[in-house]
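Spelled out from the first residue to the last, the chains are:
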Amino acid sequence: MQRFTISLDDELARQFDGFIAHKGYVNRSEAVRDLIRARLGGATQDSGADAARARWCVANLSYVYDHHDQTVAVRVLDLQHQHHDLVVASMRTHLDHHHCLETAVLRGPAKPVRALADQLIALKGVRHGQVHMVLLEADRRSHRHEGGAGTHIHLSPRN
């Protein structure tokens, strides 16, 4: 583990300590680590550099749409069915008489997962779409579980 020192003006330090208390972090270091992970994760997704090298990812995609507009619901469902190999699960939450928040968990090769997320967010009638991707690394050591058939690999989040 490496150490580094940062300086904050009093107001920013006060706001940061309020953030730490609100989120329940036990110390500033843990909060800084999470903020760095979040920012670097977003930067690598945007630049495509890490995503291009990463073979696998898991993603949480969320978006809002008007469920009374049956065409958007059908487009969402059709696109998810077309990519059933990437859609692990989806859940719909009714927000009011018209709007639903849908959350989909996607897993697979990074490029197709990103492409599917972008397509779903861009569908006509979909609003407030956002995706959070976590790049995964494959543990190449194959192994068997007791009583299991065949070998497989494990996919773990990148640090």
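Calculation criteria
- Residues numbered from 1 in each chain as written.
- Predicted model: local features only at pLDDT ≥ 70, side-chain atom pairs only at ≥ 80, totals over all residues.
- Heavy atoms only, no water.
- Core = buried A, V, L, I, M, F, W, Y, C linked by side-chain atoms within 4.5 Å.
- Buried < 20%, exposed > 50% of the residue type's maximum accessible area, 1.4 Å probe, protein only.
- Helix = DSSP H or I, 4+ residues; strand = E, 2+ residues; numbered from the N terminus.
- Contact = heavy atoms within 4.5 Å.
- Phe/Tyr/Trp six-rings, centres within 6.5 Å; stacked < 30°, edge-to-face > 60°.
- Polar contact = N/O pair within 3.5 Å; in protein donor to acceptor, adjacent residues only side chain to side chain.
- Patch = residues over 30% accessible without salt bridge, like charges linked within 9 Å, V, L, I, M, F, W, Y side chains within 5 Å.
- Areas by Shrake-Rupley, 256 points an atom, 1.4 Å probe, with all protein chains shown as cover.
- Salt bridge = Lys/Arg side-chain N within 4 Å of Asp/Glu carboxyl O.
- Pairing = 2+ DSSP bridges.

*Asks:* Provide a residue-level description of the nonpolar core, including the pertinent values.
*Replies:* With 23 residues, the main nonpolar core has Leu 61, Tyr 63, Val 76, Leu 106, Leu 116 and Leu 120 as its most contacted residues. Listed by contribution, the elements that provide at least two residues to this core are strand 1 (56-66), helix 4 (70-82), strand 3 (99-109), helix 5 (110-122) and strand 4 (126-143). Not counting the four nearest positions on each side in its chain, Leu 106 is found in contact with Cys 57, Val 58, Ala 59, Leu 61, Leu 86, Val 87, Val 88, Val 113, Leu 116 and Ala 117.

*Asks:* So, the packing of aromatic side chains: which residues are in play, and what are the values?
*Replies:* One pair of aromatic rings is described through two measures. These are the centre distance and the angle between the planes. Under the definition given, this model contains 3 aromatic pairs. Ring centres of Phe 16 and Phe 19 lie 6.2 Å apart, and the angle between their planes is 15°; this geometry places the pair in the stacked category. Of this pair, Phe 16 and Phe 19 both sit in helix 1 (residues 10-23), separated by 3 residues, roughly a single helical turn. By relative accessible area, Phe 19 is classed as partly exposed at 27%. Here the aromatic rings of Tyr 63 and Tyr 65 are separated by 6.3 Å at their centres, their planes lie at 35°, and the arrangement is tilted. There is no split in this pair, since Tyr 63 and Tyr 65 are both buried. By way of ring pairs, the aromatic residues Phe 16, Phe 19 and Tyr 25 are connected into one cluster.

*Asks:* I'd love a proper account of the environment of Met 91, names of residues and values included.
*Replies:* By the secondary structure assignment, Met 91 is in strand 2 (residues 87-94). Through-space distance from the C-alpha of Met 91 to that of Thr 103 is 5.3 Å; in sequence the pair is 12 residues apart. Discounting residues that sit within four places of it in the chain, Met 91 has contacts with Leu 101, Glu 102 and Thr 103.

*Asks:* Talk me through the side chain of Glu 102; I want residue IDs and the actual numbers.
*Replies:* Examined against the element boundaries, Glu 102 turns out to sit in strand 3. A relative accessible area of 3% means that Glu 102 is categorised as buried. Here Tyr 65 takes part through its side chain, which lies 3.3 Å from a polar atom of the side chain of Glu 102. Of note is the side chain of Glu 102, whose polar atom sits 2.8 Å from the side chain of Gln 80.

*Asks:* Account for a nonpolar patch on the surface, naming residues and giving values.
*Replies:* A cluster of nonpolar side chains, namely Phe 4, Ile 6, Leu 8, Leu 12, Ile 36 and Leu 40, defines an oily patch on the protein surface of about 560 Å² accessible area. Tracing the sequence through the fold places Phe 4 in the segment before helix 1.

*Asks:* How would you sum up the pairing of strand 2? Please name residues and give values.
*Replies:* The pairing of strand 2 with strand 3 spans 7 bridges and is classified as antiparallel. Considered in strand 3, the bridge of Met 91 is made with Thr 103. Hairpin connection of strand 2 to strand 3: 4 residues between the antiparallel strands.

*Asks:* Explain unusual backbone geometry residue by residue, including any values.
*Replies:* Located in the positive-phi region is His 128, a residue other than glycine, with phi close to 55°. Secondary-structure assignment places His 128 in strand 4.

On their own, these measurements won't tell you what the molecule is for.
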